[in-house]
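Here is how the chains run, residue by residue.
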Amino acid sequence: MQTKNISKIRSLLPNSNLIDDEEVIGLAKSRLADLLSRLDAFHFSTYLDYLSGSFIPGVWFSDLFNFAYFQLVKALSNNVEVRECEYCGHIFEVTHKRQRYCPPLPNRKRSSCEMANNNRLKKEKNNKEKFNTANLQNGITKKRSYTVLHGIDPFTQEQKRITKSGLL
Ligand SMILES: [Zn+2]
């Protein structure tokens, strides 16, 4: 398990200025192990099944919290990499290197956070385009009022310049 925010953990410890970063992380991890052991949360019972010619061992958890704590302990002991989802900010276990969002729900191919983020980006892009179009029209209106005020047509002048430089 990696720890990015060392300064925050350091601020929770007394006299933490006397120890280096590695010791701070060590203390935090040992504290986490203490808390999880004290919770005594992951109780489970095992059973054995016989299906299609094979013995299959299984595990029963009394509730979902038991299972969640068991998963957490398993992740800690396997030293898995965890990341923060770029969309919702939840912590997830990394299963492939380029993963940036919470994993997909069961029986789904794509992460719902990834899709929601893509939709948000698309919406932002559309709004930006609408804003630019509105600004452009606003600019044209301004130029027209300039013409009315000063008796000059900036469009014709611009066109003349372009024709002279050989672009048209
Ligand atoms: Zn997420």
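See the structure shown above.
In short, a report on the structure.

Analysis parameters
Residues numbered from 1 in each chain as written. Predicted model: local features only at pLDDT ≥ 70, side-chain atom pairs only at ≥ 80, totals over all residues. Helix = DSSP H or I, 4+ residues; strand = E, 2+ residues; numbered from the N terminus. Buried ≥ 20, exposed ≤ 12 C-beta atoms within 10 Å, placed from the backbone. Contact = placed C-beta atoms within 7 Å. Pairing = 2+ DSSP bridges.

### Considering the overall build of the protein
Inference 1: Across its full length, the protein holds five helices and four strands.
Inference 2: Shown N-terminal to C-terminal, the secondary structure of the protein runs as helices and strands in the order α-α-β-β-α-β-β-α-α.
Inference 3: A total of 168 residues make up the protein; the buried ones form 2% of that total.
Inference 4: Looking at the protein alone, contacts between residues at least 24 apart form 24% of all its contacts between residues at least 6 apart.

### Re the pairing of strand S2 (residues 54-61)
Inference 1: With respect to burial, S2 is a largely exposed element, only zero of its eight residues being buried.
Inference 2: Bridging between strand S1 (residues 44-51) and S2 involves eight bridges; their strand directions are antiparallel. Each residue of the ladder has a partner; that of Tyr50, found in S2, is Phe55.
Inference 3: Between S1 and S2, which follow one another and run antiparallel, lie two residues, and Ser52 among them has a positive phi close to 45°.

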